[in-house]
Amino acid sequence: MLVLSRLLVFVLASFSCLHIVFALSDEEGSKSVDRFTVEGIVERPLNYPQDEAEFFAGTRIYTNTGYQAFLKANGSFVLHNLPWGSHFIHVVTPNILYAPIRVDINSKGKWRPRKVNYLQPSKVEVLSTPLKFTALGPVRYFEAREQWRITDLLFNPMVLMTVVPLGLMLLMPKLSDPETRREVESQFQLPKTEAPDLSEMVTNFLGMGSPSTSSSSGPAAGTACDARRPGRGGARAARRKDK
Amino acid sequence: MEKLLLALLILVSIALPSSSLHEDQIGKFDWIQRGIGSVHLAQFDESGSADGGPARRLVVATQHNVLAVLNTKNGEIMWRHVLPIGATGTIESLNVQEGKAVIVSDNPPLLRSFDVLSGTLIKEVPLKLHYKPDSLYGKRLVQHDSSSVTVAHLTSNTAEITRFSNLKTGAQEWQHSISQPWISSESQCGLTEVSLTCVDASLGLVLSLPFSRLGKTTGKEPQFISTSLESIGLSVAVTSDDDADCKFRSIPITLQNVHGSPRHLLITSGESSSVLQVGSDGSVTPVKEAGASSGAVSVVDVTQADDAVIYRALHHKQAIRISGFSLALGTELVSRSLQFSVGAEAAVRMLVVQQYQRRGDGEVAVRALVVMHDDSVHLVASPGVLWLREEALASVLAVEAVDLPIPASSVSMHDHMAQRAGVLHSLVHRVMLQGSELLSWLAELLEDSLSPSHSSPDSPPALYRDEFNIHKLLIIATASGKIFGMDNLSGALVWSEYLPSIQPLPSDKLLLFLQRSVAHFPHPPQMVLVAMHKDSCRGVVHTFNPLTGEPTGKGLEFLPYRISQASMLAQNDQQFIKPLLVVDTSLGVHAFPSGTELSVVLPHKDVLYIATRNSTHITGHSLRSSTKESLKLTPLWSQHFPPGTIEGVYTKRPGDKVHSAGRVMADRSVLYKYTNPNLAVVVARGLDHINENLLGVYLVDLVSGAVVDWISHSRVSGPVHVIHSENWVVYTYYHDRNRRHELHSLELFEGPSQANATAFSSLAGAQRPPLVERQAYILPFGVQASAHTITEKSITTKCLLLALDTGGIAQVARWLVDPRRPMSGGGPREEGLVQYMPEVHLPSTDIISYNQTLPRVSGIYSAPTGLESTSIVFVYGLDLFFSRVFPSKMFDMLKDDFDYVLIAGALLGLVAAALITRKLAQRKALYHQWK
């Protein structure tokens, strides 16, 4: 009943615009006027590369009611022998996505295209005629591989946490101008901490240093060594203690 | 709102594990074989060949409603159009000329012409009939040449003939309605250019109506010209008609059109056949051929009307000879005969010959397309078979994957391991065996390195199990009666066997059972095929070794009864063979192999139940009253399922495993699953009181007959696809009122406690009915076939596999259609569940067949491998598609893009750094000492 009333509304609505569709044989008064045709166009997007033969032989145009059409070279198609009722027309081609369109045909053969809405099937959003399928975009079937890039490694937080202090350690001694150094130091009066010597730490960690090194791991020893060779890295803490 | 939901879904799909492919993995795990189906019309496209050479393209139309163009060099499909299934899409005539392939199909008929090169539609003309073909649609014949199309409809007592001569507009030239008492939709008739010619076996006459007698006026009833069959030299073969309800009753005498000639017909009676030439006055004269009118089945091709040469293909066992016979000379043209042999002992069904001028000497050479009864398509030239297509694979009915044997060396080890004698002895034995294995492996390695061209490409690779048991043999049974063994990793055919006397069972099924696997060395594996005899419709059982295809035991056995159903028992006999229980149509029970009744069936008779079905009822039987003399069924219960016709009964897969017995709720309590192994889903269809479609879905315990749960869907139509596994059921259908495909999901739970944690009994008294969770979802696409993934231990989450009507195979995670997805947000949530959304959105990355479309899928087969993460998927239908899927990603294997170089580099770098710092530290220590 619901369908009937909806159809009635639709019949009234459809008188206003729409195409004239020829029925198969309405001559000589024979009443076999219940097969109709629907014409449409499939727009072939030029910005997605696709083989021509693949597009024309590989595109399928079908309805959920079991009818099928084929593409002409100009992109047009005709669905023949459709009975009255609703038909969902699907255009399926392997690499390009098209939205389906619903076509309602009344018993007189007039039809209108509608937007497909599976959630609210009774909601009517009439599309403009002629029936035209426009590409929504290429279909992405594959996930991109994660590529190894040097920037990924460099901007990794763990790497940043180790590299930045290291860089600072290297840069601090380079502020060789004594005045600026004094200025900086006066501004940042750092508490004197028992910071371990980096090179000492590595040696201890690897356990390969001579026993003498490991035994004399006091700050004084490190200071003496580093005072001799001021250019080396890791001497910042010791040097500060010198002052 | 919708967009928000979509965004949420996309987020979720990113967050949850998805197992989509990467672009470089194309063809790594999958292969596809395109098919066209069994060819019934074919013509060479001679437009593309320069100066009359051999045609480069071959246009074919098949019984699967496919129009395709094949490359004559290699038999590959250049393009194909798949027309709708059923009578609407049947291609009734094919005519190739000037680079155009013109077909007539559809109802009312449509004339379509396609460009042979690109497959583009050039023209589409509706052929306007004066009558309404819906009411009159009996048998339709179409005769079609370059200038006109003739359509004849045969119904009871009436033939409607219409001639269309203007193929641009589809205008009629004339139409006539002829009434004759002997005409029916089963009449054997052929349309020629000049006449409608029929043969009536009961009258013993060939009746011909020349179109020249059909005047422009329809007042006078035109008369048929009759010729007796005796004057043609044929007699009607008498066939016993005791199996009148057998599906394919043999027709005593047939009349067919001849490929290549609009004025000849082929009449076949039993083994003998004759070519008839129809004159424009309706006279029918047999063409006199030299000694080729009897014997094997032959098919004829007449290439030119004035200098006609009739080609016949005669087969003797596996050798086929095509000979040409000149009508003008009255002699056989020896230079134009072809000889070749084929793999199967099948008769020739169709022959299309092309004559062309050879480029070198200008002699007439011959090429022939030969279609056999096993649906294989051969292109033959004077050197022999140029190529071969096995089109039986386009109509696969049953698939079973068989594990391959492990190599002989490991077999010997396992064999010896079985018989232990003392700890020390077996230790020594083991060490010796493994030593010898190591030696043989080293020898093999050495041999490989010495001769790298050891495995030549033409020798088939040895069929042995690989490391993770992914390499298997697929046993494929097809509707034509051909069975194949196929390598699942390459798609190559290992063996094939043609059984000409079988046809599918009445439900359009063939049944395959693996009675003994390869695990029972030295016993060979054994498989059995259950089918029906072509002529008598009685049962046929074929026992064979699935690894080689060779018959074992009794081989092909013809049974004296018709088969109603067949099933395999879980218990085996002393020879490790699981017996097959066959129920015949009069409810007798038989065991295969015979003799296992006593040893296997009788000891278990108290726990064996058989449920049989007809179109409306399911009846449960027990084998309890069986005696030593005979197995007997005792009916226990019978159940009718409204609204009427039972469409399908879907049980779980035998040996369906459930890994965890319960599901953890949000409050950490456990909800136990209802895992009844005897549960089946029964789908019944019918009409309600206002003639709307009604669908009933029942969950039935097949042992006790109890209906556990049922749902009735009104205004719902099929096709219904059911997936039933563990404690859940998913089915899809089409909702008539809402005009959309929907998916219904059910999950059954026992509750917060289990009645019996170790075993399930269907007969354990009054049971609590299970809790049924249900939800419905909207599918934005139709479904052609469905299945679920199967893994070794069922630990991996199961995925649904749906063959979409768009042609893709989608892998749908089950959480997406879980019936416990909460309706409203807030509150504690179960793990892995997101809020309910009515529409199922499928990301295109979940299409495992990516951009390869499978237009007509009839089934999906899934099998476990040795890896828990991996399941193999075989999709059959018009095309064959194989792939591996990883429903929870590859959790037990390194990814294929694992960066070995980076890991090795980092390791080496660390070692180098350690060495360098050691050196530095030593130097520093030295400095320190010197200070």
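In this convention, every chain numbers its residues from 1, walking through the sequence in written order. Chain letters and ligand numbers both follow the written order, the letters beginning at A and the numbers at 1. Only residues with pLDDT of 70 or above have their local features reported here, since the model is predicted, and side-chain atom pairs are shown and tallied only from 80 upward, although totals for entire chains, interfaces and linings are computed over all residues. The basis for the side-chain values is all heavy atoms of the structure; hydrogens and waters are excluded.

> Provide a residue-level description of the UniProt feature "domain: ER membrane protein complex subunit 7 beta-sandwich" (unreviewed entry) in chain A, including the pertinent values.
UniProt positions are given in the numbering used here, feature names are shortened, and annotations may be inferred rather than shown by experiment. UniProt records the feature "domain: ER membrane protein complex subunit 7 beta-sandwich" (unreviewed entry) for residues 54-161 of chain A in the present numbering. Helix and strand labels come from DSSP, where a helix needs a run of H or I of at least four residues and a strand needs a run of E of at least two; each type is numbered from the N terminus. Annotation note: span residues 54-161 of chain A, helix share 14%, strand share 38%, distance between end C-alpha atoms 53 Å.

> Describe the nonpolar core, naming the residues involved and giving the relevant values.
Note that soluble globular proteins tend to have their nonpolar side chains buried in a common cluster. To form a nonpolar core, buried Ala, Val, Leu, Ile, Met, Phe, Trp, Tyr and Cys residues must be joined to one another through side-chain atoms within 4.5 Å. For each residue, the accessible area found with a 1.4 Å probe, counting protein chains only, is set against the maximum for its type, and the residue is called buried under 20%, exposed over 50%, and partly exposed in between. With 27 residues, the main nonpolar core has L800 and L802 of chain B as its most contacted residues. Among the elements of the structure, strand 51 (728-735), strand 53 (771-779), strand 55 (799-804) and strand 56 (809-813) of chain B are those that each provide at least two residues to this core. It is strand 55 of chain B that provides the largest number of residues to this core, a total of 3 residues. In terms of nonpolar packing, the next biggest core, distinct from the first, is built from 22 residues, F56, I61, I96 and W111 of chain A among them.

> Give a description of the environment of K108 of chain A that names residues and reports values.
Residue and element names in this part refer to chain A. Mapped onto the secondary structure, K108 falls in the loop between strand 7 (101-105) and strand 8 (111-115). Judged by relative accessible area, K108 falls into the exposed class, the value being 64%. Sequence spacing of K108 and R35 is 73 residues, and the spatial spacing of their C-alpha atoms is 9.8 Å.

> Which residues make up the pattern of salt bridges, and what values go with them?
Residues and elements named next belong to chain A. Definition used for salt bridges: Asp or Glu carboxyl oxygen within 4 Å of a side-chain nitrogen of Lys or Arg. One pass over the full model with this rule turns up 29 salt bridges over all chains. Between K115 and E125 there is a salt bridge, with its nearest N and O atoms 3.9 Å apart. Of this pair, K115 sits in strand 8 while E125 sits in the loop between strand 8 and strand 9 (131-133), placing them 10 residues apart in sequence. With a relative accessible area of 44%, K115 lands in the partly exposed category.

> Which residues make up the state of the cysteines, and what values go with them?
Residue and element names in this part refer to chain B. Two cysteine sulfurs form what is called a disulfide whenever their separation falls within 2.5 Å. On inspection of all chains with the given rule, the structure shows 1 disulfide over all chains. Paired by a disulfide, C189 and C198 hold their sulfur atoms 1.9 Å apart. Measuring the twist about the S-S bond at about 100°, one finds the C189-C198 disulfide to be right-handed. Judged by its relative accessible area of 1%, C198 is buried.

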